[in-house]
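Observations on the three-dimensional arrangement
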Amino acid sequence: MLACLIFILGTGIGAVCRFTLTNLFKQRHHGQIATFIVNLSGCFIGGLILGCSSSLLPILLILGFIGGLTTYSTFNSEIANALWGLKFKNAILYLLISYGDGLLLCYLGYSLTN
């Protein structure tokens, strides 16, 4: 039960951070930039935490936080909108760069702390 509460706490904190960061970025940039930066930040932070922690509770807190912070549902919606708008090149590039860079940043974070 404690593990579930810790995960939920992390998720709530992450969602508030995402909302704040997204609104800050949207004031100056296009929404896709905000989604991209938030998601890649989450990948890097997740890699850092997974590389340095072996205890279950910090992992649950951070994974909850990362889950709340990142917004892959918005990312997928942006991809779908680009496809519906017949912007195939933009959609494919955004998809490949987001997942490719996300995996690289997660690995980098993990490597730095492991």
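Higher on the page you've got the structure.
What comes next concerns the included structure.

What counts and what doesn't
Residues numbered from 1 in each chain as written. Predicted model: local features only at pLDDT ≥ 70, side-chain atom pairs only at ≥ 80, totals over all residues. Heavy atoms only, no water. Helix = DSSP H or I, 4+ residues; strand = E, 2+ residues; numbered from the N terminus. Contact = heavy atoms within 4.5 Å. Areas by Shrake-Rupley, 256 points an atom, 1.4 Å probe, with all protein chains shown as cover. Buried < 20%, exposed > 50% of the residue type's maximum accessible area, 1.4 Å probe, protein only. Expected span 1.5 Å × (residues − 1).

**A word on the overall build of the chain**
From N to C terminus, the chain includes 5 helices and 0 strands. Walking the chain from its N terminus toward its C terminus, one meets helices and strands in the order α-α-α-α-α. In terms of its C-alpha atoms, the chain occupies a principal-axis envelope of roughly 45 × 25 × 25 Å. Partitioning the intrachain contacts of the chain with sequence separation of at least 6 by distance along the chain shows that 78% fall at a separation of at least 24. Approximately 7200 Å² of the chain is accessible, and the part contributed by carbon and sulfur atoms is 73%.

**Observations regarding unusual backbone geometry**
Backbone phi values are negative for most residues with the exception of glycine, while trans is the configuration of most peptide bonds. Phi is positive for Leu 86, close to 60 degrees, though the residue is something other than glycine. Mapped onto the secondary structure, Leu 86 falls in the loop between α4 (72-84) and α5 (88-113). Of the residues examined, Leu 86 reaches a relative accessible area of 62% and is grouped as exposed.

**A short note on α5**
For an α-helix, the turn length of 3.6 residues means that residues three or four places apart are oriented alike. Between its terminal C-alpha atoms α5 stretches 38 Å, which fits the 38 Å expected from 26 residues at 1.5 Å a residue. Among all positions in α5, only Ala 91, Tyr 94, Ser 98, Gly 102 and Gly 109 are buried.

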